[in-house]
Amino acid sequence: MPEIMNPPSSSRIKVRPATEREGRKDYISIRDYGFWYGQKKALDAISLDIPERQVVAFIGPSGCGKSTLLRNLNRMNDLVDDVRHEGDITISGRSIYDAGLEVISLRRRVGMVFQKSNPFPKSVFENVVYALRVVGVRDRAVLEEACETSLRKAALWDEVKDRLDDSALGLSGGQMQRLCIARAIANRPEILLMDEPCSALDPIATGKIEELIHELKDQFTIVIVTHSMQQAARVSDRTAFFYLGKQIEYDTTEKIFMNPSQAQTEAYISGRFG
Amino acid sequence: MDKSSDSSTPRGEGWVWFTGLGLIIGLGMVIGLLSLVVMNGVTVFWAPKVPVALVDDGRTIIGQLAQRRIRAGSPADHPRYELQYQVGLRELNGNSYLWVDEAKIKSESFPADVLGLERVENGPAFVRPLSLRKSDGKLIAITDSAFEPAFQAEVAAASAVREKLVEITRHRIGDVNEEMDKARVALRRAEDLKLAAEIADRRRQIAGLEVRFASLQAEAKKVVEGGAVASLVSKDAAGREVVVPLTQVIRAWFPNRLDTWGRVQLFFSRLGEFIFDEPREANTEGGLMPAIFGTLVMTVFMSLMVTPFGVITAIYLREYAQNGPVLRIVRISVNNLAGVPSIVFGVFGLGFFVYVLGGSIDQLFFADQLKYNNNTPVFGTGGLLWCSLTLALMTLPVVIVATEEALAAVPRGMREASLATGASKWQTIRDILLPASAPGILTGVILAMARGAGEVAPLMLVGVVKLAPTLPFDGSAPFLHMDRKFMHLGFHVYDLGFQSPDSDAARPMVFATTLLLIVLVVCLNIGAIWIRNRLRARFKGASF
């Protein structure tokens, strides 16, 4: 369980240099990774390292493969028929395709938040502790503590603490998305994948979730897919730009946004295409 | 703007009227069917006035008007009608019903002394009472003001005696007979195996049972002799003297004297008998309790069997099976199963469930019974279990298809969310998919119940009978007797309509029974819909 490395600071600078933070540099390592949906190649020769306890943003125009790559990190794409891959992805040095590693235990270590908030039609409480229930935790005290901790981390506790037993479907859109984050972190994964978590939210809810990402990166390695370049700039330490299934550039967010080395990257972030 | 020149008016709006027309035709048929059944079914229990009619051939008729129809061969512009009277007294008249040409009726009057009797045997009777011979031998004439209270008291006393008799003959003697049968089988077995001790035991038991049997018979005889022997002396339409022992009388009323409240009371009394009593007189009289109970129990068991089977199959087909030609063939087969005529399922049920499964169960668990009881099968013959299973098989496709659709309709996001938190596939199905698709699954079960409850043809092959001596549920262990044959409302309608010896008497019962069947199916459906709506309310506000 990763400990809190840096206490959350009150003043946030717009872009943080990656070097400030410690942790393993190649915590998630993607090597020559290619991926096909049937005959269609969605990813081509992706190679990048994601350091521990940092926020990495994937940006790029629609259909560039950023979501596909994200969904491969916890093997969610296994659910799709007729897919195959080449190359390898390792987490802490171990391949996620290792025959000895069950996909279930991988997903317990790699939490995910989806573009559309998708709470279960259960109570708020049951939503948050679902991940604990599936591993067989029955102790009410443990569940309640985990529920409170997760909701606090997701900055939702104060809003829902009096209606934990109400249906989660009665929450507002922003609350639902934060509930999904609470659910994803309840079993304390090491990595949190976020697939355009703010695309359906208003600016205030978006602001809350971005703040949350800042809080959470002390404990989790976060990979976020976003369409908003401002968001990528605000929340991430490193940014990868993809185009047509290819990795165009991957560097510190500062470098990507201030001084990109590729012409395509510059064109995209300056809004000339995409 | 000039409306007539507005070319943007949508064309083809006239088709809306066609869809409306379709709806109206459908609704009309449903309403027509229901009102026909309700009208004919409800009026069975209503007691109208009973006329005394003089016919110009000199006959007098006392009877309740049953039908009025155009005489065959009468001219279309001047139709002539004929009337059917229910005159009762089958033992004297040969037939309870009588057709008379309406034009030949000279006069009709409604004298207050006409008495209607419902009797244990020989159907109803309409008579004009003369006097009451009380159980102490005294005669009270109709003109005496003490007649009516004495008559009502004697009828009540007689029906108490009758009930006591039924209790003794049917229940207590029945129990002794059942025990006797078991003891005899055990004795035969003991004799065959030469178990001296048990032979002696069983013989003693049988001797004891015979003593009990004799004493019960004596008791019954005493009840008959010691009880009310009152009888009613009356005269029928032709002036013949009719003596009716009051133990024969189930219900007596003066149809021309009753006020509306009395008629309503009589209506509910008859309705109550119809619902809560057992049938009499080849099912044309009495109640339908065993058939209602049988239908209900059979439908519930069918649902209990078809739901898990169907849901499990659908989960496998939808969640686990590999997509491909095999799966497609299985799906097509399941859908085609829904189109197989129900009688085919009956034949299958008889051939497989009754003979193969039931036969094997008998061989395995009831071998002694077969060997020492003249090869009388227990499960190797039609029964409640096999009926439920046959109908479960028949309605299986409905549940499978509904469950598959419901599972497919669960938003992908919910499934992914569950899997992404590290839940296994089975946990996702159990905790997320099944609860979310429960309303859809219940819709399938409702459809299955509606189809199963009204099905008759296959049941005739696998265990429904026109008169079952015992209910499938009673006080003797194991309480629920899945091997017993039972009565069913749908089959009852068929039996009354086509197999009854007295079709005139059966006709009103056909409608009443049909009405009851419809009410029962509607009640079952309302119950299931209520459960489904409660489940649905839990998922309300789902914004997927």
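Residues numbered from 1 in each chain as written. Chains lettered and ligands numbered in written order. Predicted model: local features only at pLDDT ≥ 70, side-chain atom pairs only at ≥ 80, totals over all residues. Heavy atoms only, no water.

**Here we look at the pairing of strand E11 (residues 241–245) of chain B**
Residue and element names in this part refer to chain B. The alternating pattern of E11 places Val242 and Val244 on a buried face and Glu241, Val243 and Pro245 on a face that is not buried. Looking at chain direction, strand E10 (residues 231–235) and E11 are connected through five bridges and run antiparallel. Pairing of serine 234 across the sheet is with valine 242, part of E11. Counting the residues between successive antiparallel strands, the hairpin from E10 to E11 contains five residues, one of them, glycine 239, with a positive phi of roughly 90°. (Buried < 20%, exposed > 50% of the residue type's maximum accessible area, 1.4 Å probe, protein only. Helix = DSSP H or I, 4+ residues; strand = E, 2+ residues; numbered from the N terminus. Pairing = 2+ DSSP bridges.)

**So, the sheet that holds strand E3 (residues 64–70) of chain B**
Residues and elements named next belong to chain B. Read across the open sheet, the three strands follow the order E3-E4-E5; overall the sheet is antiparallel. The open sheet has two edge strands, E3 and strand E5 (97–101), and neither has a second partner. Taken pair by pair, the neighbouring strands of this sheet meet at an average axis angle of 25°, ignoring direction. Two strands pair when backbone bridges link them, and strand E4 (residues 81–86) and E5 are joined in this way by five bridges, in the antiparallel orientation. Within the sheet, the bridge partner assigned to glutamine 84 lies in E5 and is tryptophan 99. (Axes fitted to C-alpha atoms, helices over the stretch in contact; angles between N-to-C directions.)

**Comments concerning the domain arrangement of chain B**
All names here are of chain B. For chain B, the assigned domains read domain 1 (52–130), domain 2 (132–271) and domain 3 (289–420 + 443–511). Between the C-alpha centres of domain 1 and domain 3 the distance comes to 46 Å. Between domain 1 and domain 3 the total buried area reaches about 390 Å² when both faces are included, carbon and sulfur atoms providing 33% of it. At the surface where domain 1 touches domain 3, the tally comes to zero salt bridges. One can count one residue pair in polar contact (both at pLDDT 80 or more) joining domain 1 with domain 3. Split into classes, the residues belonging to the side of domain 1 that touches domain 3 amount to two nonpolar, three polar and one charged. (Domains from an automatic or database assignment. Buried area = accessible area lost by both parts, 1.4 Å probe. Salt bridge = Lys/Arg side-chain N within 4 Å of Asp/Glu carboxyl O. Polar contact = N/O pair within 3.5 Å; in protein donor to acceptor, adjacent residues only side chain to side chain. Nonpolar A, V, L, I, M, F, W, Y, C, P; charged D, E, K, R; others polar.)

**Looking at the sheet that holds strand E1 (residues 52–55) of chain B**
Residues and elements named next belong to chain B. With antiparallel pairing, three strands are arranged side by side in an open sheet as E2-E1-E6. Of all the strands in the sheet, the pair left with one neighbour each is strand E2 (60–62) and strand E6 (105–109). Neighbour to neighbour, the strand axes of the sheet diverge by 20° on average, direction disregarded. Summarising the sheet, E1 and E6 pair through four bridges and their orientation is antiparallel. The partner of leucine 54 across the bridge, within E6, is serine 107.

**Here we look at the environment of A:Tyr37**
Residues and elements named next belong to chain A. With respect to the helices, strands and loops of the structure, tyrosine 37 is situated in strand E1 (residues 28–37). For the pair tyrosine 37 and threonine 68, spaced 31 residues apart in the sequence, the C-alpha separation amounts to 9.9 Å. If sequence neighbours within four positions are ignored, tyrosine 37 has contacts with Ala42, Thr68, Asn77, Val80, Asp82 and Val83. At 3.2 Å, the side chain of tyrosine 37 and the side chain of threonine 68 are in polar contact. (Contact = heavy atoms within 4.5 Å.)

**Some remarks on the nonpolar core**
Ranked by internal contacts, the top residues of the largest apolar core, which has 112 residues, are A:Ile28, A:Ile30 and A:Phe58. With 13 residues, the single largest contributor to this core is helix H6 (residues 289–320) of chain B. Leave out the neighbours within four places in its chain, and A:Ile28 touches A:Leu48, A:Asp49, A:Ile50, A:Leu73, A:Ile89, A:Thr90, A:Ile91, A:Ile191, A:Thr221 and A:Val223. A:Ala168, A:Leu179, A:Leu201 and A:Phe220 belong to the second largest nonpolar core, which has 49 residues in total. (Core = buried A, V, L, I, M, F, W, Y, C linked by side-chain atoms within 4.5 Å.)

**Section: the interface of chain B and chain A**
Taken together, the 23 residues of chain B in the interface contact 24 residues of chain A. Counting the surface lost from both chain B and chain A, the interface buries some 1900 Å², and carbon and sulfur atoms represent 61% of this. Viewed at the interface, chain A and chain B are joined by one salt bridge. Notably, a salt bridge pairs A:Arg71 with B:Glu416, separated by 2.6 Å at the nearest N-O pair. Remark: the boundary between chain B and chain A carries six residue pairs in polar contact (both at pLDDT 80 or more).

**Quick notes on the confidence of the model for chain B**
All names here are of chain B. Per-residue confidence for chain B averages 86 on the pLDDT scale, and 96% of its residues sit at or above 70. No element of chain B has a lower mean pLDDT than helix H9 (residues 367–372), which averages 75, and none a higher one than helix H10 (residues 384–409), which averages 93. Model confidence for the complex is summarised by a pTM of 0.80, with the ipTM given as 0.85. (pLDDT = per-residue confidence, 0-100.)

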